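Examining the three-dimensional arrangement
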Amino acid sequence: MRLDPTAKITNKERWGGYHLLILESPDIAREAVPGQFLMIRVAYGSRPLLRRPFGVHSRSDGSLGIFFKIEGEGTNLLAGKNPGETLDLIGPLGKGFNLGLGEEGEAHSGAPALVVGGGRGIAPLAFLAAEMRKNGRTVKILYGGRSRTDIPLKDRLKAEGGDLVCATDDGSFGFSGLVTDLLDKEIQKSPASAVYACGPEPMLETVNRIAAAAGLPCELSLEARMGCGFGACWGCVRRIRKNGAESWVKICEDGPVFSGGDVVWTVKG
Ligand SMILES: Cc1cc2nc3c(=O)[nH]c(=O)nc-3n(C[C@H](O)[C@H](O)[C@H](O)COP(=O)(O)OP(=O)(O)OC[C@H]3O[C@@H](n4cnc5c(N)ncnc54)[C@H](O)[C@@H]3O)c2cc1C
Ligand code: FES
């Protein structure tokens, strides 16, 4: 974990309420692995007091990308930042994805890993998919949103050479329906080796159920309100199974990525 109080913003893109910032932070960029996150101070005054968590979305030449959706005060302030300004970062934080998930088993070898992103949940998965491809792994991204405006990265992910299938709840682009219905269809259609997902909690619960029914290993990136991001405040605890027994764990330290089978669900998908 490092502190970089002067990470320079070098580029900014925007699609409606979705924003992409590129931040120059060579030390944090070098250490980051897919699934890890940054705690970012979005203002220098006392409002908001707490840093906000964002997954690492991309990495290139000493820089990191964050992709986020405006949800409230903090993300709104962040969206107002411009190239040339600096941000105060702590990172990389948390435990990331297991990039070799499902590869060890003979049963699914060679089949693609399915990477399922719902809305802004695509943020850490773009980095995951890029690193897995670098390692020679076949990856298929399933990218879903309410409408076509909620899947703004579709052209970019396609241009990066990825196998990409989109879903929209309102049928305005790609498969018409939930991205979890698309996942179910893809798994019925052809073999897969593993499932990785990030998105709203009901989506993750359904992804986990579908993966478990198909006998596929599954990792999920969870969210929680975070005070510190590195284990000091106990603000992010939830019930997780560890060695078969339920216990309270800190999402920021023990996660945010967990094996689907270890998550204790509080909502039903
Ligand atoms: C590990 C981690 C990684 C994340 N990565 C990304 C990312 O890459 N891109 C991205 O767009 N967002 C990401 N988020 C969510 C992001 O941190 C929140 O949207 C942000 O903190 C909201 O701050 P705000 O001040 O704009 O909203 P607030 O004013 O604090 O809240 C606005 C609304 O959003 C809800 N909310 C805020 N934070 C959370 C949260 N963590 N979980 C559930 N509901 C919340 C509040 O209940 C409220 O209804 C991540 C969260 C975590 C825990
Ligand atoms: S956010 Fe403080 S302990 Fe997890």
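It should be noted that the structure appears before, not after, this text.
The following paragraphs examine the structure supplied in this document. Bear in mind the structure is a predicted one, so any value in this text is a computation, not a measurement.

Along the backbone of the protein chain there are seven helices and 16 strands. Expected size for 269 residues packed as a compact globule is a radius of gyration near 18 Å; at 18 Å, the protein chain falls within 12% of this value. Taken along its principal axes, the extent of the C-alpha atoms in the protein chain is 50 × 45 × 35 Å. Contacts spanning at least 24 positions in sequence make up 66% of the contacts within the protein chain whose residues lie at least 6 apart. For the protein chain, the exposed area adds up to about 12,000 Å²; of that, 50% sits on carbon and sulfur atoms. Put simply, the protein chain has 33 plus and 31 minus side-chain charges, and the middle of one group is 4 Å from the middle of the other.

Now for the environment of Lys 95. Considering the arrangement of structural elements, one finds Lys 95 in the loop between strand 7 (86–93) and strand 8 (113–118). Residue classification places Lys 95 among the partly exposed residues on the basis of a relative accessible area of 45%. In this structure the C-alpha to C-alpha distance between Lys 95 and Cys 252, which are 157 residues apart in sequence, comes to 8.0 Å. When near neighbours in sequence (up to four residues on either side) are disregarded, Lys 95 contacts Gly 35, Glu 253, Asp 254, Gly 255, Pro 256 and Val 257. A polar atom in the side chain of Lys 95 sits 3.1 Å from the backbone oxygen of Glu 253.

So, about the environment of Trp 234. Positionally, Trp 234 belongs in the loop between strand 13 (218–221) and strand 14 (237–242). It is 6.6 Å that separates the C-alpha atoms of Trp 234 and Lys 250, two residues lying 16 residues apart in sequence.

Attention shifts here to helix 5 (residues 179–189). Buried within helix 5 we find Val 179, Thr 180, Leu 182, Leu 183, Glu 186 and Ile 187. An end-on view of helix 5 places all buried positions within 150° of arc, on one side of the element. More than 90 degrees from the buried face of helix 5, the exposed residues found are Gln 188 and Lys 189. Among the structural elements, strand 8, strand 9 (139–145), strand 10 (163–168), strand 11 (175–176), strand 12 (194–198) and helix 6 (201–213) are those in contact with the buried residues of helix 5.

Parameters and conventions
Residues numbered from 1 in each chain as written. Chains lettered and ligands numbered in written order. Predicted model: local features only at pLDDT ≥ 70, side-chain atom pairs only at ≥ 80, totals over all residues. Heavy atoms only, no water. Helix = DSSP H or I, 4+ residues; strand = E, 2+ residues; numbered from the N terminus. Rg over C-alpha atoms; globule rule 2.2 N^0.38 Å. Contact = heavy atoms within 4.5 Å. Areas by Shrake-Rupley, 256 points an atom, 1.4 Å probe, with all protein chains shown as cover. Lys, Arg positive; Asp, Glu negative; His and termini not counted. Charge placed at Lys NZ, Arg CZ, Asp CG, Glu CD. Buried < 20%, exposed > 50% of the residue type's maximum accessible area, 1.4 Å probe, protein only. Polar contact = N/O pair within 3.5 Å; in protein donor to acceptor, adjacent residues only side chain to side chain. Arc of directions from axis to C-beta.

These results come straight from atomic positions and should not be treated as a statement about function.
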